[in-house]
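One letter stands for each residue in the lines below.
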Amino acid sequence: MSVVKGNHAGSAGSDFYSYKINQSLRFDRASSTNLTRTAGSPSDGKKATWSWWMKKSDVVSDTSASYRTIFYSGSPNSDGFAIAFMRYGTDHYHELIVKQDNGSSAAHMFLYTDAFYRDVSSWYHFVVSYDSTDSTAADRIKIYVNGTRQTINTSGTNINPSLNHIPSFQVSGKTLRIGEGRTDDDEHIGGYLAEVNFIDGTAYDASNFGETKDGVWVAKDSSGLTFGNNGFYLPFDDSSAIGDDESSNTNDFTANNFSAHDIVPDSPTNNFCTMNILTNSDSLGTSEGSLEWQADTYSRTILGTFGMKSGKWYWETLMLTGGVSGNGYNAGIANHFVSQSTQDPRAGSITGGKVVISVDSRGDFNENQGTASNTSNSTTFGPNDIIGIALDLDSATQTIAFYKNNTIIGSARNLIVQDIEYFPEWDSRSFTNTPRIANFGQDSSFAGAKTSGSANAADGNGVGDFYYAPPSGYLALCTKNLPNITIGPEQSTLATDNFNTVLYTGNNATNRTISGFGFNPDWNWLKSRSIADNHVLTDILRGTNHLHTNTTAGDSDLSYPALTTDGFIVSGGTYNNNNVTFVSWAWKAGGSGSSNSDGSITSSVSANTAAGFSIVSWTGTGSNATIGHGLSSAPQLIIAKNRDSTTEWPVLETVVNGATKYLRLDTSYASTTTSVMWNNTNPTDSVFSIGTYSYINEDTKKLIAYCFHSVEGYSKVGSYTGNGSTDGTFVFTGFRPAWIMFRSSGVGHWIIFDDVRHPSNVNDARLYANLNNDEDNPSTYLVDFLSNGFKLRHSGSDFNTGSQSYIYLAFADQPFKFSNAR
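Residues numbered from 1 in each chain as written. Predicted model: local features only at pLDDT ≥ 70, side-chain atom pairs only at ≥ 80, totals over all residues. Heavy atoms only, no water.

### Some thoughts on the confidence of the model for the protein
The predicted model of the protein has a mean per-residue pLDDT of 89, with 88% of residues at 70 or higher. Below pLDDT 50 for its whole length, residues 1-14 participates in 28 contacts with residues either more than four positions away or in separate chains. The low-confidence segment residues 323-327, where pLDDT is below 50, has 18 contacts with residues more than four positions distant or belonging to other chains. (pLDDT = per-residue confidence, 0-100. Contact = heavy atoms within 4.5 Å.)

### Quick look at the packing of aromatic side chains
Inspection of the entire model under this criterion finds 63 aromatic pairs. Between the aromatic rings of W739 and F811, the centroid separation amounts to 5.8 Å while the plane-to-plane angle is 55°, which identifies the pairing as tilted. In this pair, W739 is assigned in strand β55 (residues 735-744) and F811 in strand β60 (residues 805-815), connecting sequence segments 72 residues apart. The pair formed by W739 and F811 is uniform in burial state, with each residue classed as buried. One aromatic cluster is present, formed by W50, W52, F71, F81, F85, Y117, Y124, F126, F169, F198, F232 and F253 through successive ring pairs. (Phe/Tyr/Trp six-rings, centres within 6.5 Å; stacked < 30°, edge-to-face > 60°. Helix = DSSP H or I, 4+ residues; strand = E, 2+ residues; numbered from the N terminus. Buried < 20%, exposed > 50% of the residue type's maximum accessible area, 1.4 Å probe, protein only.)

### A look at the pairing of strand β52 (residues 702-708)
Counted residue by residue, β52 has 6 buried out of 7 residues, so it is predominantly covered. Bridge count for strand β45 (residues 613-619) against β52 is 7 bridges, and the pairing is antiparallel. Looking at β52, one finds that V616 is bridged to A705. The pairing of strand β47 (residues 637-642) with β52 spans 6 bridges and is classified as antiparallel. Note that in β52 the partner of I638 across the bridge is C707. (Pairing = 2+ DSSP bridges.)

### Topic: the pattern of salt bridges
A complete count under the given rule lists 27 salt bridges for this structure. Its salt-bridge partner being D262, residue R26 comes within 3.2 Å of it at the nearest N-O pair. On the criterion of sequence distance, the pair formed by R26 in strand β2 (residues 24-27) and D262 in the loop between β18 (254-256) and β19 (263-264) is long-range, its members being 236 residues apart. Like R26, the residue D262 is buried in the burial classification. A salt bridge links R177 to E180; the nearest nitrogen and oxygen atoms lie 2.7 Å apart. The two residues R177 and E180 agree in class, both being buried. Here the salt bridges share partners, and the residues they tie into one network are R118, D727, D784, K791 and R793. (Salt bridge = Lys/Arg side-chain N within 4 Å of Asp/Glu carboxyl O.)

### Looking at unusual backbone geometry
A cis amide bond links Y560 to the next residue, P561, at an omega of -5°. Here P561 lies in the loop between β39 (556-557) and β40 (562-564). Unusually for a residue other than glycine, F236 sits at a positive phi of about 55°. Its place among the elements puts F236 in the loop between β17 (232-234) and β18. Even without being glycine, A447 reaches a positive phi, approximately 55°. Mapped onto the elements of the fold, A447 is located in the loop between β33 (436-439) and β34 (499-505). Residue classification places A447 among the buried positions, given a relative accessible area of 18%.

### A short note on the sheet that holds β60
The 5 strands are arranged β53-β60-β55-β56-β57 in an open sheet whose pairing can be described as antiparallel. Edge strands, defined here as strands with exactly one partner in the open sheet, are β53 (715-721) and β57 (767-768). One ladder, built from 4 bridges, connects β55 with strand β56 (residues 751-754); its direction is antiparallel. Looking at the pairing, F742 lines up with I751 of β56.

### Regarding the state of the cysteines
Structurally, a disulfide amounts to a covalent bond that connects the sulfur atoms of two cysteines. Applying the stated criterion across every chain, the model contains 0 disulfides. C273 forms no disulfide, and the closest cysteine sulfur to it belongs to C478, at a distance of 10.0 Å. (Disulfide = S-S within 2.5 Å.)

### Re the side chain of S745
By secondary structure assignment, the location of S745 is in the loop between β55 and β56. Judged by its relative accessible area of 6%, S745 is buried. In terms of polar contacts, S745 uses its side chain to reach the side chain of S805, at 2.4 Å. S745 has contacts with V656, N657, L663, S671, Q804, S805 and Y806, leaving out every residue within four places of it along the chain. (Polar contact = N/O pair within 3.5 Å; in protein donor to acceptor, adjacent residues only side chain to side chain.)

### Details of the nonpolar core
If you look at the biggest cluster of nonpolar residues, it comprises 81 residues, and the most contacted ones within it are W315, L391 and F402. The dominant element in this core, judged by the number of residues it contributes, is strand β28 (residues 386-392), at 5 residues. If we ignore the near neighbours within four places in the chain, the residues touching W315 are M308, G332, I333, I387, G388, I389, L391, P424, N439, F440, F466 and L477. Core analysis: the second largest hydrophobic core is formed by 42 residues, A48, L176, F232 and A821 among them. (Core = buried A, V, L, I, M, F, W, Y, C linked by side-chain atoms within 4.5 Å.)

### Concerning the side chain of Q100
Checked against the element boundaries, Q100 lands in strand β7 (residues 93-101). Classification of Q100 by relative accessible area gives buried; the value is 2%. Among the polar contacts listed, one links the side chain of Q100 to the side chain of S168, at a separation of 3.0 Å.

### Details of the environment of N249
With respect to the helices and strands, the residue N249 is situated in the loop between β17 and β18. Taking C-alpha positions, N249 is 8.2 Å from G228, a pair spaced 21 residues apart along the chain. Here N249 is in contact with F227, G228, N229 and G231, once residues within four sequence places are set aside. There is a polar contact of 2.6 Å between the side chain of N249 and the backbone oxygen of G228.

Okay, structure coming up:
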């Protein structure tokens, strides 16, 4: 695998992607879009490679077809060859499958991945490498996703290709199809394809099409590869010749049911906002690349894939049908929680925590912020009217302005509720079947619904394709325009320079060094996976003293684990038991620590201010006090422990309960209301407050605390509300998670998932912070890690009970600005 490093400079105007992809082709299931050509004689039919980038817009369950087919050739139930996403039972289309029918009831070849692909917010890179001459049957087909070879399911009747088998895609005279499968069934795809390569005669691996840069899989120029007689390269960069093969072969495809407007600037190197079907389990599926949506009944809501906390943004929406007598057309912004029955404490006095500011087809301004209101005006909307939305989150007041056909309606409206994430929002209000189509800068024609106006208008950065020019200073919602992050690609540190996960298997060796974190750990959290045993916490301030999150015991010292360069040391059977598997999660703080006099009690602090994490040690006084935490912002989560006494682990979180209550890390007990724990005072930018309780301030006793606050693109202390469904709540984090710990704000266990113990979706590798249980894989605790957050995939009571609020702590693998789909 090719790995390169970015310059980490973050200089103005720099571009992370050395090889740029500027466009893609939009496929729409409802329009039966597809590409076709007739195969010629292959160079070597026994070897081939398919490579393509894809952004999915179709993961909704549909029993009308078994597959969503990307590549197909041959006849159904005879010699049909397909690379497709397979529908699993009544679940969503998710597993990638390579199959070849052989004319009988049994499949000649039927192989699919263990991983599920249900991310609709960013781009995947897929490679299928085929070599039927390989003497090892399991190596004749290799599937790579974002550069990583995937595990192929070998259960049941799955069959590898026979030795020297030639697939139908490599048979002269066969019709090759892209975007649809067998013609007697609806197997069309929905979404976007870019950089489609087919190599005839060579089985390449993923490194020929991409490389890892600052932890992100990015595209490489494939023009130097040998394509073979039947090979082709489709960049989709000519709207007048959509199926043009730009390899030297000119193996052009016929474009069926496409139009020039289906070439869009949404691409793997500049990902645009779309409608996020994962935010609403009750919505009908979207169409036109998740830019068009209509509700199946009243009061449905769908949000965009991008969350906004800063910046100035512009987008457009067109109503395709419907009248002005009702409020069936609605477009605006909402906080993430509007699609859930939730209480969002960040929304202050808002009923239900829902913040909505929108305009409907009657011209009413619908607001639920501060005091709910519904203000009428004389401007109404009908079919073919375009609503422009300009959101300013940088000004002191923060405003939203609505435009009708480029004329502002009234004046900009102030946002009363600030410092929360807003999302583009549409809802059905009191009407059904009122389709609307959005444009975030991808398509000024609104999928062909509009043909005139100031088409091709870009924003001030020269990005986008709008019907009307955005107001000065307002930008298209795309990753190129997202603000720079402080931790991640192009910066001085990556996420993995601050948090990382390492797995190992015990071998009973003495003084064994466990390494591979990429930094010197200041806090190490160790847990056995294959046997039941205590969690073990060590940190730079306590040395080899260790605590157990699942017990009330104070510090003990077994000399191991001992923190060292890039890892820690274990010995013999002490956390190195023979054949026992372990996981270690490690964080970088600030080294050995320093004295902090910000509070009334002098503390010792090891702080990583850039990453929003500090370790704080102090000696209790038994009196109300304040403690300096060493961070630049107020902690949102504090985990504390009395080191010298057998007491519980108090937890302060400010996203739901606040300082009037506390949770316990070592139990599943409900939150407790008391003033003697945190003195009813939320943390400030310099200190946190403690009361007189022995858990947090026993006189003369030593105490330790781990403090966290959110860092954009790297970490998140947040909350969400469960929906009690297997199609669970979607939660936006602003990054692709590497590690998440969940906990009900009431009664519930602390559950931990990460992307190393289970590197693909759906993730079911569960550990409990408050129990010594070994790792299990329950069918009731499932979660998808996604490019911009996570999606709960079951109704497990500890993380997705209906109407129950939950808190979580999450750390990033990649910031959304650069993340691939997962």
